[in-house]
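Read off the chains here:
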Amino acid sequence: MSVLVLVLAVSAACCLGFGFVLQQNAAQKAPLGDFLSPRLLLDLMKVPRWLGGIGLMMVGMALGAVALGQGEISLVEPLLATNLLFALALSRHQTKQSLGRQGWAGLALLAGGVTTFIVAGEPHGGSAVSDPLRHWLIIGVMVGLALLLTTYAKRSRLSSGPVLLSLAAGLLYGVQDALTRVSGQRFGSGGLGELLTGWQPYAVLALGVTGLVLVQSAFETAPLRMSLPALTAAQPLAGIICGVGFLGDRLRTDTGALALEAAGLAAIVAGIVLLGLHPAMPRGTAPREQVPDLLPQ
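Residues numbered from 1 in each chain as written. Predicted model: local features only at pLDDT ≥ 70, side-chain atom pairs only at ≥ 80, totals over all residues. Heavy atoms only, no water.

Caption draft 1: Representation of the overall build of the protein chain in the model. Of regular secondary structure, the protein chain possesses eleven helices and zero strands. Starting at the N terminus and walking to the C terminus, you meet the elements of the protein chain as α-α-α-α-α-α-α-α-α-α-α. In summary, the protein chain has a C-alpha radius of gyration of 18 Å against a globular reference of 19 Å for 297 residues, a match within 12%. Taking the principal axes of the C-alpha coordinates as reference, the protein chain spans close to 55 × 45 × 35 Å. In the protein chain, buried positions account for 53% of the 297 residues. (Helix = DSSP H or I, 4+ residues; strand = E, 2+ residues; numbered from the N terminus. Rg over C-alpha atoms; globule rule 2.2 N^0.38 Å. Buried < 20%, exposed > 50% of the residue type's maximum accessible area, 1.4 Å probe, protein only.)

Caption draft 2: Seen up close, the state of the cysteines. In the structure shown here, the tally under the stated rule is zero disulfides. In this structure C15 is a free cysteine whose sulfur lies 5.5 Å from that of C14, the closest cysteine sulfur available. You can call C15 buried: its relative accessible area is 14%. (Disulfide = S-S within 2.5 Å.)

Caption draft 3: Examining the pattern of salt bridges more closely. Inspection of every chain in the model, using the stated rule, returns four salt bridges. A salt bridge links E122 to R252; the shortest N-O distance between them is 3.8 Å. One end of the pair, E122, is in the loop between α6 (100-121) and α7 (132-155); the other, R252, is in the loop between α10 (224-246) and α11 (255-276), and 130 residues separate them in sequence. As a salt-bridge pair, R186 and E194 come within 3.4 Å of each other at their nearest N and O atoms. Each of E122, R252 and D254 takes part in salt bridges that share partners, so that together they form one network. (Salt bridge = Lys/Arg side-chain N within 4 Å of Asp/Glu carboxyl O.)

Caption draft 4: Region of interest: the packing of aromatic side chains. Scanning the model with the defined rule gives three aromatic pairs in all. Ring geometry for F18 and F86: centres 6.3 Å apart, planes at 90°, overall edge-to-face. Taken together, the positions of F18 in helix α1 (residues 3-27) and F86 in helix α5 (residues 83-95) put the pair 68 residues apart, joining distant regions of the chain. Each ring, one from W136 and one from W199, has its centre 4.6 Å from the other, and the planes form 25°; the classification is stacked. Here W136, found in helix α7, pairs with W199, found in the loop between α8 (161-196) and α9 (200-221); they are 63 residues apart in sequence, far enough to count as distant. (Phe/Tyr/Trp six-rings, centres within 6.5 Å; stacked < 30°, edge-to-face > 60°.)

Caption draft 5: Molecular detail of α1. Here α1 contains 25 residues, and its C-alpha end-to-end distance of 36 Å stays within 8% of the 36 Å for a straight helix at 1.5 Å per residue. Backbone nitrogen of L4 and a side-chain oxygen of the N-cap are separated by 3.2 Å at the start of α1; the cap is S2. (Expected span 1.5 Å × (residues − 1). Polar contact = N/O pair within 3.5 Å; in protein donor to acceptor, adjacent residues only side chain to side chain.)

Caption draft 6: Geometry of the environment of G211. Of note, G211 is situated in helix α9. Accessibility expressed as a relative area gives 0% for G211, which makes it buried. Expressed as a C-alpha distance, the spacing of G211 and L42, which sit 169 residues apart in the sequence, is 15 Å. In contact with G211, not counting residues within four places along its chain, are A169, L172 and Y173. (Contact = heavy atoms within 4.5 Å.)

Caption draft 7: Region of interest: helix α3 (residues 48-70). When the terminal C-alpha atoms of α3 are compared, their 33 Å separation across 23 residues agrees well with the 33 Å that a helix rising 1.5 Å per residue should span. Buried within α3 we find W50, G53, I54, M57, G60, G64, A67 and L68. If you follow the buried residues of α3, they end up packed against α1, α2 (39-44), α4 (73-80), α8 and α9.

Caption draft 8: Just the side chain of Q23, in detail. Take Q23: it is sitting in helix α1. Each residue touching Q23, except ones within four places of it in the same chain, is listed here: W50, G53, I54, M57, L212, Q216 and F219.

Caption draft 9: Local environment of the environment of F117. Along the chain, F117 falls in helix α6. Along the chain, F117 and S98 lie 19 residues apart, while their C-alpha atoms are 29 Å from each other. Once you skip the residues sitting within four places of it in the chain, F117 turns out to touch S74, P78, E122, I240, L251, E261, G264 and L265.

The structure is reproduced here in structure tokens:
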């Protein structure tokens, strides 16, 4: 594994984790009438803390894009999932809450799962799939599932809606990461002209804006502990599927390696859940009991 990729991906995770906390601090005070509306972004643009969080997230996404250009998405995505560690660190500073058994267990599972997956899978590059049908099939399934989750979130109660929105955003961000890598490859091979003639950069922008609305709506209506774990777990899984599905990423496929890769992914998800539910994570201030009928049943 390239040291440069490691440094870039972990730096990106740091910026993303800090940015998510600052965004949620601001979004939880936004008008609930803006739920799942672009107006939410316009309202939040007036809040300096949210703008700081967005700035950190953009830096993180830029660093992640460079990391994706230097390494396989199946390698970078698990490293980006460590953003939850940095989110917990900032939240712990805000709440003065100790890690305790749950925090240390979540940290060990997340770090151990990332290490196990990378060591067992040995992600490496290969020939990208040229069949456009396979590209659109995988992307369509991811986007379609995100749409289904969002539709159900509109009809569900606030207790489950934010989790579903975060899962949907994570799927979109995973696809966005894959298309960011493709865009980087187009730019590297033919410059700005080659980049702008493809559909990928425009899809990256559309996915980013849509994912942002979903994430801020989830942050607005629920504590960070309900939304961030789902987002953090869904994004690397979607990215790895895209990487192996059509970007040409290769993982070891012998029985022992597959078992360890599955165990590593399971440990990552378990660690994310434990850390996300840690008492140090902001609880939010939006009183759900005051808006039980906000979403149509």
